[in-house]
Amino acid sequence: MEITEFVETLRLDGGLLADAAQEAGPDARIPACPDWQMRDLVTHVGQVHRWATEFVTQGVQQPSRPPEAPDLADDELVPWLREGHHHLVLALHSARQDLSAWTFLPAPSPLAFWARRQAHETSVHRADAQQAIGASLTPLPSAFAADGIDELLTGFHARDRSRVRTDTPRTLRLRAVNSPGADWTVHLSDAPPQTVRTTPDAGAPDAGKPADCTIEGPAEELYLALWNRLPWDALTITGDETLSRLWQERGGV
C-alpha cells in the first residue's frame, strides 16, 4: 500500500474513533480490553498519536516513551484526542519522503513505518470504540486488512516478546480469502514465530505444503480476530485447533 493510503485510513478512522468515544461517554467499557473504560482508550490513543508525531516532525533517533497525558476533565478528553489526531495526520502528509527517525518494525522507510503503524493502531482502536457503543464496525478495505495481518505476523510476532510458541515445531497457515496473495505460513517452535509469505505464484518454499492448522476467512475478519477484536466464529479452521486456541490465548501484543 502507498503511504497516502495509510494516512487516509488514519484520517478516517481517527475521526470515527473520536465520534464513537463522544457518543459512548468516558465510563463506557471496552469489550476487548476489560480493564479499560473509554477514558483509558482515548488517553492511550491520544498519547500514541502525539508520540508518533514527535518522531515524524522532529526526526527523533532514539526510542522514547509516549508523553504523559495532561490531567483533563472528562469533557476535554475527546477534543484532546481530535487535536492530537489532526496534528499526526498533518505531520504525515507534510513529512519528507527521506525522513530519518527511529522505528521498531521493518519497513521500507521511517515515513512508511509511522504511516502504516499509526493507521493500524487507530483502526484497531476505532473498532474498540465502536464495539463499546454496540455499533456495527465500519468496514475496512481488504488490502488494508491484509496488510495489517502481515504487519502483525512478520513484525510484532517476529520479536522476542511474542508468546505464541510451541514445545515441538508446528505450522500455522493463515489465508485471507478475499485478498489475492494474502497467505502466510507461521513456523511455531520454542523460539519466536517465523512467518513466510506463501503466495503460490511467488514460488515460496512453503506454498502448497500442508500445515498443521489452517485458518482462513475474509481479510477484515481475520485481521480483527488475530488482534482479538472479533470472535473466531466467522473463520474456517481446519487441522489442529489447539493452534488456533494458542493464538487466542497468547497472541496479544
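Residue positions are given per chain, counting from 1 as you read along its sequence in written order. Under the rules for a predicted model, residues below a pLDDT of 70 receive no local features and side-chain atom pairs below 80 are neither given nor counted, while totals for whole chains, interfaces and linings still include all residues. Note: side-chain values were computed over all heavy atoms of the structure, leaving out hydrogens and water.

Within an unreviewed UniProt entry, the label attached to the protein reads Maleylpyruvate isomerase family mycothiol-dependent enzyme, and the organism entered is Streptomyces platensis.

## Brief notes about the sheet that holds strand β4 (residues 183-188)
The line we're drawing: Paired strands, in this sense, are two strands between which DSSP finds at least two bridges. Only DSSP runs of H or I reaching four residues or more are called helices, and only runs of E reaching two or more are called strands; each is numbered from the N terminus. What counts as an axis is a line fitted to C-alpha atoms, over the stretch in contact for a helix, and the angles between N-to-C directions run from 0 to 180 degrees. Any two residues having at least one pair of non-hydrogen atoms within 4.5 Å are treated as being in contact.
Reading across the sheet, the five strands line up as β5-β4-β3-β6-β7 and stay open at both edges, with mixed pairing between neighbours. Of all strands in the sheet, those bounded by a partner on one side alone are β5 (194-197) and β7 (236-239). Averaged over all adjacent pairs, the angle separating strand axes in this sheet is 20°, with direction ignored. Two strands pair when backbone bridges link them, and strand β3 (residues 170-176) and strand β6 (residues 213-217) are joined in this way by five bridges, in the parallel orientation. In the sheet register, Arg175 faces β6, and the bridge partner there is Glu216. Helix-sheet contacts for helix α5 (residues 142-154) involve β3, β4 and β5, and the interaxial angle to β4 is about 20°. Packing against the sheet, helix α6 (residues 219-226) makes contact with β3 and β6, and its axis sits at approximately 135° to β3.

## Focus: the UniProt feature "domain: Mycothiol-dependent maleylpyruvate isomerase metal-binding" (unreviewed entry) in the protein
Threshold: UniProt positions are given in the numbering used here, feature names are shortened, and annotations may be inferred rather than shown by experiment.
UniProt's feature table lists "domain: Mycothiol-dependent maleylpyruvate isomerase metal-binding" (unreviewed entry) at residues 17-130, given in the numbering used throughout. Across residues 17-130, helical content stands at 62% and strand content at 6%; the span's end C-alpha atoms are separated by 7 Å.

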